[in-house]
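Reading the structure
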Amino acid sequence: MIRPRSALALLLLLSPQAGAQPAGARDFLDRAEARAATLPAPATCRQPVADAAGIVRENPLPSRVPGEARGTTGGLGHRLLLVRDTAEGDASTAGTIRWAVEKARQEGGGWIAFAPELAGRTINLSRGIRLPSNTTVDGGCEGVVLHAPAYQTSLLVQNVQNVLVAGIRFTKSDYSEPDTRIADAIGLRGRFDRVALLNNHFSRCGDGCIDVVRSEVTTDPGRVSIAFNRIESHNKVMLFGVLTCTARQWIPECAQPLDHLAGRMRPMIRVSLVANVFLLTGQRHPKADAGAFVHSVNNLTVLAPTTYSDGRSGAAYGAAAASGGLIASEGDILVNPTAQARLGLGPVSAMRRAGDASTEADGAVAATATSLVGRLRVVQHAPALALAELAAEGTPIPVVDPTQDPTQLAACLLRFAGPQGAASPWPGICAAR
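The text that follows walks through the structure, step by step, so that each part is easy to find. (Residues numbered from 1 in each chain as written. Predicted model: local features only at pLDDT ≥ 70, side-chain atom pairs only at ≥ 80, totals over all residues. Heavy atoms only, no water.)

**Topic: the overall build of the chain**
To keep things clear, this is the line we draw: By the criteria applied, helices consist of DSSP H or I runs no shorter than four residues and strands consist of E runs no shorter than two, each listed in order from the N terminus. For this measure, only C-alpha atoms enter the radius of gyration; the expected value for a globule follows 2.2 Å times N^0.38, where N is the number of residues. Using a 1.4 Å probe, the Shrake-Rupley method yields the accessible areas, and only the shown protein chains count as cover for residues.
Check the secondary structure of the chain and you find 5 helices and 28 strands. Expected size for 433 residues packed as a compact globule is a radius of gyration near 22 Å; at 21 Å, the chain falls within 12% of this value. Counting only C-alpha atoms and orienting by the principal axes, one finds that the chain spans roughly 65 × 60 × 45 Å. Roughly 16,900 Å² of accessible area belongs to the chain as shown, and the carbon and sulfur atoms make up 50% of that amount.

**A few points about the pattern of salt bridges**
We count it as follows: We count a salt bridge whenever a side-chain nitrogen from Lys or Arg sits within 4 Å of a carboxyl oxygen from Asp or Glu. Burial classes follow relative accessibility: with a 1.4 Å probe on protein chains only, a residue under 20% of its type's maximum area counts as buried, one over 50% as exposed, and anything between as partly exposed.
This model, assessed by the stated rule, comprises 14 salt bridges. Residues Glu102 and Arg105 are paired through a salt bridge, measuring 3.4 Å at the closest nitrogen-oxygen approach. With a gap of 3 residues between them, Glu102 and Arg105 both fall in helix H3 (residues 97-106), about one helical turn apart. Here Arg270 ties to Glu389 by a salt bridge, and the two come within 2.6 Å at their closest N and O atoms. Remark: Glu389 occurs in helix H4 (residues 383-391) and Arg270 occurs in strand E17 (residues 269-274); sequence separation between them is 119 residues. Pair check on accessibility: Arg270 and Glu389 agree, each one buried.

**Re the sheet that holds strand E22 (residues 319-321)**
Note the cut-off: For two strands to count as paired, DSSP must find a minimum of two bridges between them.
Read from one edge of the open sheet, 9 strands run E4-E7-E10-E13-E16-E19-E22-E25-E28, paired in parallel fashion. Single-partner strands in this sheet number two, and they are strand E4 (129-130) and strand E28 (376-378). Bridging between strand E13 (residues 210-214) and strand E16 (residues 238-242) involves 5 bridges; their strand directions are parallel. Along E16, the bridge assignment pairs Val212 with Phe240.

**Notes on the pairing of strand E26 (residues 364-368)**
E26 sits mainly inside the fold: 4 of its 5 residues count as buried. Here 5 bridges tie strand E23 (residues 326-330) to E26, and the two strands are oriented parallel to one another. Its bridge partner lying in E26, Ala328 is registered against Ala366.

**Topic: the environment of Ala255**
Along the polypeptide, Ala255 turns up in the loop between E16 and E17. Placed 107 residues apart in sequence, Ala255 and Asp362 show a C-alpha to C-alpha distance of 9.3 Å.

**Considerations on the nonpolar core**
Selection rule: As used in this record, nonpolar core signifies buried Ala, Val, Leu, Ile, Met, Phe, Trp, Tyr and Cys residues forming a set joined through side-chain atoms within 4.5 Å.
Counting 59 residues, the largest nonpolar core has Ile97, Phe114, Leu131, Val165, Phe170, Phe202 and Ile226 as the members making the most contacts within it. The element best represented in this core is H3, accounting for 5 residues. Judged by nonpolar contacts, the second largest core, of 43 residues, contains Val65, Leu280, Ala304 and Cys430.

**So, H4**
Counted only if it meets this: As used here, the arc belongs to the directions running from the helix axis to the C-beta atoms. Whether two residues are in contact is decided by their heavy atoms, any of which lying within 4.5 Å being enough.
Of the residues making up H4, those classed as buried are Ala386, Glu389 and Leu390. Viewed end-on, H4 has its buried residues packed into an arc of 105 degrees, placing them on one side of the element. Among the exposed residues of H4, those oriented more than 90 degrees off its buried face are Ala384 and Ala391. Its buried side turned inward, H4 meets E17, strand E20 (292-297), E23 and E26.

**What to know about H3**
Listed in full, the buried residues belonging to H3 are Ile97, Arg98, Trp99, Ala100, Val101 and Ala104. Where H3 is buried, its residues meet strand E1 (80-83), strand E2 (110-114), strand E3 (122-124), E4, strand E5 (135-138) and strand E6 (144-148). Count one or two residues on from H3 and you reach Gly108, which has phi positive near 80 degrees.

**Overview of the packing of aromatic side chains**
Our working rule: Planes of paired rings set the category: under 30 degrees apart is stacked, over 60 is edge-to-face and the rest tilted, where pairs are Phe, Tyr or Trp rings (Trp by its six-membered ring) whose centres lie within 6.5 Å. Either the NZ atom of lysine or the CZ atom of arginine qualifies as a charge over a ring when it sits within 6 Å of the ring centre and within 35 degrees of the ring normal.
All told, the structure shown has 2 aromatic pairs when counted by the stated rule. Ring centres of Phe170 and Phe202 lie 5.0 Å apart, and the angle between their planes is 10 degrees; this geometry places the pair in the stacked category. In this pair, Phe170 is assigned in strand E9 (residues 168-172) and Phe202 in strand E12 (residues 201-203), connecting sequence segments 32 residues apart. For Phe170, a relative accessible area of 1% corresponds to the buried category. Ring geometry for Phe228 against Trp426: centres 6.2 Å apart, planes inclined by 50 degrees, an arrangement best described as tilted. Taken together, the positions of Phe228 in the loop between strand E14 (222-227) and strand E15 (230-236) and Trp426 in the segment after helix H5 (406-416) put the pair 198 residues apart, joining distant regions of the chain. Of the two residues, Phe228 and Trp426, neither departs from the other in class, the shared state being buried. The lysine or arginine in question, Arg204, covers the ring of Tyr175, its NZ or CZ lying 4.0 Å from the ring centre. Above the ring of Phe192, the side-chain terminus of Arg214 is found at 4.8 Å from the ring centroid.

**Describing the sheet that holds E20**
Our working definition: Every angle, taken between N-to-C directions, lies between 0 and 180 degrees, and every axis is a line fitted to C-alpha atoms, over only the stretch in contact when it is a helix.
Read across the open sheet, the 10 strands follow the order E1-E2-E5-E8-E11-E14-E17-E20-E23-E26; overall the sheet is parallel. The strands lining the two open edges of the sheet, one partner per strand, are E1 and E26. Within the sheet, the average angular offset between the axes of one strand and its neighbour, ignoring direction, is 10 degrees. By the bridge criterion, 4 bridges tie E5 to strand E8 (residues 161-166) in an arrangement that is parallel.

**Quick notes on the state of the cysteines**
Selection criterion: When two cysteine sulfur atoms lie within 2.5 Å, the pair is treated as a disulfide.
Inspection of every chain in the model, using the stated rule, returns 4 disulfides. A sulfur-sulfur separation of 2.0 Å characterises the disulfide bridge that pairs Cys412 with Cys430. Linking Cys412 and Cys430, the disulfide has an S-S dihedral of approximately -90 degrees and is accordingly described as left-handed. Of the two residues, Cys412 is situated in helix H5 and Cys430 in the segment after H5; the sequence distance between them amounts to 18 residues. In this structure Cys430 comes out as buried when scored by relative accessible area, which is 4%. The connectivity of the disulfides in the chain is 1-2, 3-4, 5-6, 7-8, where the numbers refer to bonded cysteines in sequence order.

**Thoughts on the side chain of Asp289**
What counts here: This count recognises Lys and Arg as positive and Asp and Glu as negative, with His and chain-terminal groups excluded. Any pair of N or O atoms that falls within 3.5 Å is considered a polar contact. Within protein, one atom must be able to donate a hydrogen and the other to accept it, and sequence-neighbouring residues count only if both atoms are side-chain atoms.
Within the secondary structure, Asp289 is located in the loop between strand E19 (287-288) and E20. Buried within the structure, Asp289 lacks any salt-bridge partner; Lys287 is the closest side chain of opposite charge, at an N-O distance of 4.2 Å. There is a polar contact of 3.3 Å between the side chain of Asp289 and the side chain of Ser323.

So this is what it looks like as structure tokens:
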């Protein structure tokens, strides 16, 4: 009998999606988990501190926001709103999450935190929560669980700015795919800007764990940083872009979207995707669609297709760019523990099978220092276009080069991604040891 040496090994052995594991991928994951166990414990989180007037003046969370949403302050300068009850409550029930969100809305913002005794406990939502501007939802290092119905978006960030969500664990009520109507865990919609999602945990979280979309072309910037999160056992992880060329409308530029990046197809949604772990997830890591530019840095992706309730197998690929979306990848690690060859990173056309009549147009993809483990391929397409957007980025994001020892970076990410790493500095925590 083979005794699993780690939670990841056990998950791989029990997962119906994992299939036969090539020895190289299995050995890599075993080594990464073994090394992760030797790393020091993550730094301890501190409860947010308010001054005599009840205002949060200082907190380290905003300083940890990398990339596009750098400068997001969330609820700094606003009242500390402490959730003390696992009951969902309402706007009039002090100490509940809905009371805290409504107070933040009324007061122009707030720092929503959770009492220490709620660490690791579950708040069951009957419907989703819509966050106001200038707000932080701070779950700390233990991760309060937000459990929502499958058909409800748990947290909606719509037509607001300066929002920070950290240290929350998201999951949904039981559902089957493709039968059940499902919504996202976190949905960014409309004219959002300066949104940071740090050190959260997502598992079986509905449609997308994080979807960042608009339904219309706009010149308003939508700057988002998604960093240090752990996402596992899920199918469609993240979709970014303006739904111009798919669900909402169709314009002539969609036929050749990369020819119109200086005009109507200009990427106004800009996402920094940094040091996240995608563990046994299926697809969209992310899918970048029209109007979106993604800078993907030092993410660990371990692929596993979802088996649908009707017995079909869902798609499994790393990241893809379509309809004029752009991806610049630096130092990402992609692992395929199955025997079937997969696309690790590329344009949407690289996923098409022979005879596929799909007319979806491509996006641009550039990749540097990518580490591939298992049967994976990277297809670069119009890389100069993606690199031009990368050059327009503000403050550069530090990159840890994994090519010499990808096991080391993978181990560090496995140890620190998620709520438990909320007080650990990046990239120092994953520097060479």
